[in-house]
Amino acid sequence: MKRLEVGTELDGFRIGACLHAGGMAHIYEVRYAPDAQGERRDPGFPMAMKIPRMTAGDGAENIISFEVECQIMPTLSGRHVPRFVAAGDLTRLPYLVMEYVNSTTLETWAENFHKESFQTGLHDRAIAKLGAELAHAVHSLHKQNVCHLDLKPANVLIRPNGKVVLLDFGLSCHAHYPDLLAEEMRKAVGSPAWIAPEQVVGVRGDP
């Protein structure tokens, strides 16, 4: 899938700047396109559109994991996940529109943490507070019958108020839906440095 041009209109959305071009997907700023009267809907929060990469060299896990995310995102609610807006037709043009949470990732937070925290004496307290917040975020998913299965610093956002938002549900599973990745893939899928050991041997879905 080639990168979309700024200003392209797609299913009532107008494409903005490309925020991220990764190995699995492109993510764009989006707004609602104006209607026939020139009015533009306001959802009350910024939005982002995620479109999976589908080039000849990409594996089947790209589109399967995207289908999983489209299946799970509409079921989730609460302050620990981006708000779901819309999903495109997988047979025509797959996309996922959600709230754009413009915050620091745990990955970036950790890179800057030690220097700042040791200077202010907040090292232990800051780690404990963030760890508790992350545990609450994961527990909120489990209460909604979802296991994330791809928890890593790049998939954890930290809002300015210290609250945690979890991203990227492409490797997740829902207790009430078929586990498409388990059905279709014959190897472990995940980030080697962060994947749970049981996933390597094919055990998925245990909180």
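Quick look at the structure, then. Source: prediction; values computed, not measured.

### Topic: the pairing of strand E6 (residues 96-99)
Here is step 1: Sheet topology places strand E4 (residues 47-52) next to E6; 4 bridges connect them, and they run antiparallel. Its bridge partner lying in E6, Met49 is registered against Val97.
Here is step 2: Pairing analysis gives 3 bridges linking strand E5 (residues 84-87) to E6, with the strands arranged antiparallel. Counterpart to Ala87 in the pairing with E6 is Leu96.

### Re the sheet that holds strand E9 (residues 156-158)
Here is step 1: With respect to topology, 3 strands assemble into an open sheet ordered E7-E9-E10, the strand pairing being antiparallel. Only two strands of the sheet have a single neighbouring strand rather than two, namely strand E7 (104-105) and strand E10 (164-166).
Here is step 2: Each of E9 and E10 is contacted by helix H3 (residues 123-143), which is oriented at about 40° to E10, the strand it contacts most.

### Looking at the nonpolar core
Here is step 1: Counting 25 residues, the largest nonpolar core has Ile72, Leu76, Leu96, Leu141, Val164, Leu166 and Phe169 as the members making the most contacts within it.
Here is step 2: Listing elements by their share of this core, those giving two or more residues are helix H1 (60-72), E6, H3, E9, E10 and helix H4 (180-184).
Here is step 3: In terms of residue count, the dominant contributor to this core is H1 (5 residues).
Here is step 4: Within the second largest apolar cluster, 15 residues are counted, among which are Leu4, Ile51, Ala86 and Leu93.

### Re the pairing of strand E2 (residues 13-21)
Here is step 1: The sheet contact formed by strand E1 (residues 9-10) and E2 spans 2 bridges and is antiparallel. Each residue of the ladder has a partner; that of Leu10, found in E2, is Phe13.
Here is step 2: The antiparallel hairpin formed by E1 and E2 contains 2 residues in its connecting segment, where Asp11 sits at a positive phi of about 50°.
Here is step 3: Strand direction decides the pairing type here: E2 and strand E3 (residues 25-32), joined by 6 bridges, are antiparallel. Looking at the pairing, Phe13 lines up with Tyr32 of E3.
Here is step 4: Counting the residues that bridge the hairpin from E2 to E3 gives 3 residues.

### What about the side chain of His80?
Here is step 1: Within the element layout of this structure, His80 appears in the loop between H1 and E5.
Here is step 2: Within the structure, His80 has its side chain in polar contact with the backbone oxygen of Val164 (distance 2.9 Å).
Here is step 3: Once residues within four sequence positions are removed from consideration, His80 is found in contact with Glu133, His136, Ala137, Ser140, Val164, Val165 and Leu166.

### Brief notes about the pattern of salt bridges
Here is step 1: In the structure shown here, the tally under the stated rule is 8 salt bridges.
Here is step 2: In this structure, the salt-bridge partner of Arg92 is Asp11, at a minimum N-O distance of 2.7 Å. On the criterion of sequence distance, the pair formed by Arg92 in the loop between E5 and E6 and Asp11 in the loop between E1 and E2 is long-range, its members being 81 residues apart.
Here is step 3: The partly exposed category is assigned to Asp11, whose relative accessible area is 41%.

### Some words on the sheet that holds E4
Here is step 1: The antiparallel open sheet is built from 6 strands, whose spatial order is E1-E2-E3-E4-E6-E5. Unpaired on one side and paired on the other, E1 and E5 mark the two borders of the sheet.
Here is step 2: Contacts between H1 and the sheet are confined to E4, E5 and E6, with E4 contributing the most and set at about 145° to the helix.

### Quick notes on the environment of Cys70
Here is step 1: Along the polypeptide, Cys70 turns up in helix H1.
Here is step 2: For Cys70, a relative accessible area of 13% puts it in the buried group.
Here is step 3: Residues within four places of Cys70 in sequence aside, it is in contact with Ala87, Tyr95 and Leu96.

### Section: the packing of aromatic side chains
Here is step 1: Tallied over the entire structure, the rule returns 2 aromatic pairs.
Here is step 2: Aromatic pair Phe13 and Tyr32: ring centres 5.1 Å apart, planes at 25°, arrangement stacked. With Phe13 in strand E2 and Tyr32 in strand E3, the pair connects residues that are 19 residues apart, well separated along the chain. As far as the burial class goes, Phe13 and Tyr32 line up, both buried.
Here is step 3: Between Phe13 and Tyr95, the ring centres sit 6.3 Å apart and the planes meet at 75°, which makes this aromatic pair edge-to-face. Of the two residues, Phe13 sits in strand E2 while Tyr95 sits in the loop between E5 and E6, which places them 82 residues apart along the sequence. One exposure class covers both Phe13 and Tyr95, and it is buried.
Here is step 4: One Lys or Arg, Arg41, reaches over the ring of Tyr32 and ends 4.1 Å from the middle of that ring.

Thresholds, definitions, all that
Residues numbered from 1 in each chain as written. Predicted model: local features only at pLDDT ≥ 70, side-chain atom pairs only at ≥ 80, totals over all residues. Heavy atoms only, no water. Pairing = 2+ DSSP bridges. Helix = DSSP H or I, 4+ residues; strand = E, 2+ residues; numbered from the N terminus. Contact = heavy atoms within 4.5 Å. Axes fitted to C-alpha atoms, helices over the stretch in contact; angles between N-to-C directions. Core = buried A, V, L, I, M, F, W, Y, C linked by side-chain atoms within 4.5 Å. Buried < 20%, exposed > 50% of the residue type's maximum accessible area, 1.4 Å probe, protein only. Polar contact = N/O pair within 3.5 Å; in protein donor to acceptor, adjacent residues only side chain to side chain. Salt bridge = Lys/Arg side-chain N within 4 Å of Asp/Glu carboxyl O. Phe/Tyr/Trp six-rings, centres within 6.5 Å; stacked < 30°, edge-to-face > 60°. Lys NZ or Arg CZ within 6 Å of the ring centre and 35° of its normal.

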